[in-house]
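# What the coordinates show
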Amino acid sequence: MTVPFVDLKAQYLTIRREIDDAIAKVISETAFISGKYAKIFEDEFAAYLGVKHCVSCANGTDSIEILLQAMGIGRGDEVLVPANTWISTAEAVTTVGATPVFVDNHPETYTIDIGKIEEKITPRTKAIIPVHLYGLPAEMDEIMAIARKHNLKVLEDCAQAHGATYKGRKAGTMGDCASFSFYPGKNLGAYGDAGGMVTNDDDIAQKARMIANHGQVAKNVHKIEGRNSRLDGIQAAVLSVKLKRLDEWTEARRRNAALYDEWLSDLDIQLPIEPTHSRHVYHLYVVQVPNRDEVIAKLKADGIETGIHYPTALPFTEAYRRFKHQPSDFPVAHRQMSRLLSLPMYAELTEEMIERVCESLKQAVQAIAATQTDSV
Ligand SMILES: *Cc1c(COP(=O)(O)O)cnc(C)c1O
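Residues numbered from 1 in each chain as written. Predicted model: local features only at pLDDT ≥ 70, side-chain atom pairs only at ≥ 80, totals over all residues. Heavy atoms only, no water.

A grouping of Ile-27, Phe-32 and Ile-33 is seen on the molecular surface, where their side chains present a nonpolar patch of about 270 Å² in accessible area. Note that Ile-27 resides in helix H1 (residues 8–28). (Patch = residues over 30% accessible without salt bridge, like charges linked within 9 Å, V, L, I, M, F, W, Y side chains within 5 Å. Areas by Shrake-Rupley, 256 points an atom, 1.4 Å probe, with all protein chains shown as cover. Salt bridge = Lys/Arg side-chain N within 4 Å of Asp/Glu carboxyl O. Helix = DSSP H or I, 4+ residues; strand = E, 2+ residues; numbered from the N terminus.)

Turning our eyes to something else, we now look at helix H5 (residues 140–150). Among the residues making up H5, those that are buried are Met-140, Ile-143, Met-144, Ile-146 and Ala-147. Buried residues of H5, viewed axially, fall in a sector of 160°; they line one side. Facing away from the buried side of H5 by more than 90 degrees, the exposed set consists of Arg-148 and Lys-149. Looking at the buried side of H5, the elements it contacts are strand E4 (125–128), strand E5 (153–157) and strand E6 (165–166). Phi for Asn-151, located one or two positions after H5, is positive at around 60°. (Buried < 20%, exposed > 50% of the residue type's maximum accessible area, 1.4 Å probe, protein only. Arc of directions from axis to C-beta. Contact = heavy atoms within 4.5 Å.)

This paragraph deals with the sheet that holds strand E12 (residues 278–279). With antiparallel pairing, the 3 strands of this open sheet are ordered in space as E7-E6-E12. Looking at strand neighbours, the two that pair on one side only are strand E7 (169–170) and E12, the edges of this open sheet. For E6 and E7, the ladder comprises 2 bridges, and the chain directions are antiparallel. The residue of E7 that forms the bridge with Tyr-166 is Arg-169. (Pairing = 2+ DSSP bridges.)

So, about the pairing of strand E14 (residues 340–343). Residues in a regular strand point their side chains to alternate faces of the sheet. Neither face of E14 is exposed, since Leu-340 and Ser-342 on one face and Leu-341 and Leu-343 on the opposite face are all buried. Pairing geometry for strand E13 (residues 285–288) and E14, over 4 bridges, is antiparallel. Counterpart to Gln-288 in the pairing with E14 is Leu-340.

With that settled, the discussion passes to the sheet that holds strand E8 (residues 177–181). Read from one edge of the open sheet, 7 strands run E1-E9-E8-E5-E4-E2-E3, paired in mixed fashion. The two strands at the open ends of the sheet, each matched to only one other strand, are strand E1 (53–57) and strand E3 (99–103). Ignoring which end each strand starts from, the neighbouring axes of this sheet average 25° apart. In terms of strand pairing, E8 meets strand E9 (residues 195–199) through 4 bridges, oriented antiparallel. Directly across from Ser-181, in E9, lies its bridge partner Gly-195. Of the strands in this sheet, E1, E8 and E9 are in contact with helix H2 (residues 35–49), which crosses E1 at around 135°. Packing of helix H6 (residues 202–212) onto the sheet brings it into contact with E1, E8 and E9, and relative to E1 it is tilted by some 15°. (Axes fitted to C-alpha atoms, helices over the stretch in contact; angles between N-to-C directions.)

This part covers the pattern of salt bridges. Counted under the stated rule, the structure contains 21 salt bridges. Ionic pairing is found between Lys-116 and Asp-113, a salt bridge with its closest N-O pair at 4.0 Å. The exposure class of Asp-113 is buried, given its relative accessible area of 13%. Because the salt bridges share partners, they merge into one network encompassing Glu-18, Lys-244 and Arg-245.

Turning our eyes to something else, we now look at helix H3 (residues 60–70). Burial analysis of H3 places 9 of its 11 residues in the buried class, the great majority of the element. Taken as a whole, H3 has its buried residues at Gly-60, Asp-62, Ser-63, Ile-64, Glu-65, Ile-66, Leu-67, Leu-68 and Ala-70. Taken together, the buried residues of H3 touch E1, helix H4 (88–95), E5, E8, E9 and H6. In this structure Asn-59 caps H3, since a side-chain oxygen of it lies 3.0 Å from the backbone nitrogen of Thr-61. Trailing H3 by a residue or two, Gly-72 shows a phi angle of about 80°, which is positive. (Polar contact = N/O pair within 3.5 Å; in protein donor to acceptor, adjacent residues only side chain to side chain.)

Below, the structure written as structure tokens:
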């Protein structure tokens, strides 16, 4: 038995008829860009989250950029972002002309460390982008309190957290606005690139919609220069079919996570934690192991694929060399870079597959522990 890291085909097979029909309909109606199906999905997704506006766009990276622009953030501004996240979070800040300022992450929740935010605030700081990393919401009450105190905007990066909740509130409904990615491998994924921006703020929504569609307020009426970042009809139709199953798939992810939790509980490794006030949606199931690369090799030999999120924390990637960061600037992110390991996680994983992963991981960790005791 092999256990792939993700299996988008397995999910497709469960909804094949509905997806194929939805795609055929878009084509027969030639509703290719924005239009009817994008509008339907926007309304459905806004209703799912309980927010006033959802503005669709081409991908999750664009959604961060456009929202920053819509909030007036640009040249000369600083935006706080977590040290460990996918590069889009920081990249979008640079694209709008502002400077990303990294904040170390919490050692156990992996989200931005709320105790380390204020020391990074300067007179130029304009916003914070908390990332609900791996599917667990960042500590939003504390983040919002800091933001209010310093008059900062908050953009929630929800690319990994569709349907996650914090104190009963859905991720994406707590900040000034929030960005979503519907990249195929995300918890709610299209069959190509897709993104969404959500907010309760009429002004941000209106500006975001204008920027994403060439600054138009009506056909050929360009109030500003914008850009082309639109959702296509096929992706919108796919997302509408899949949104109906999101909660069911999330429950399956949570059941799978609970099995991992149980079957790995006797190993001396760091497992994911879920604070009682949060509902984790396990976009990724991330553990920390010593001798990570040896563990990966053993799992691979047993037919199990794994991932690393992320092998190099952003302050230490070549792209951000200009900031000249040292490991001691972000000790948690730096230490975890060589220890993080993402196990297979998706709704269609079977108990048998999870058992197999746990068994293999146990053998790997125990073998390494044994060689370490031998050598002392
Ligand atoms: C995937 C992702 C994005 C970007 O989404 P794309 O649709 O791939 O552009 C942004 N932030 C985080 C945390 C992500 O995981």
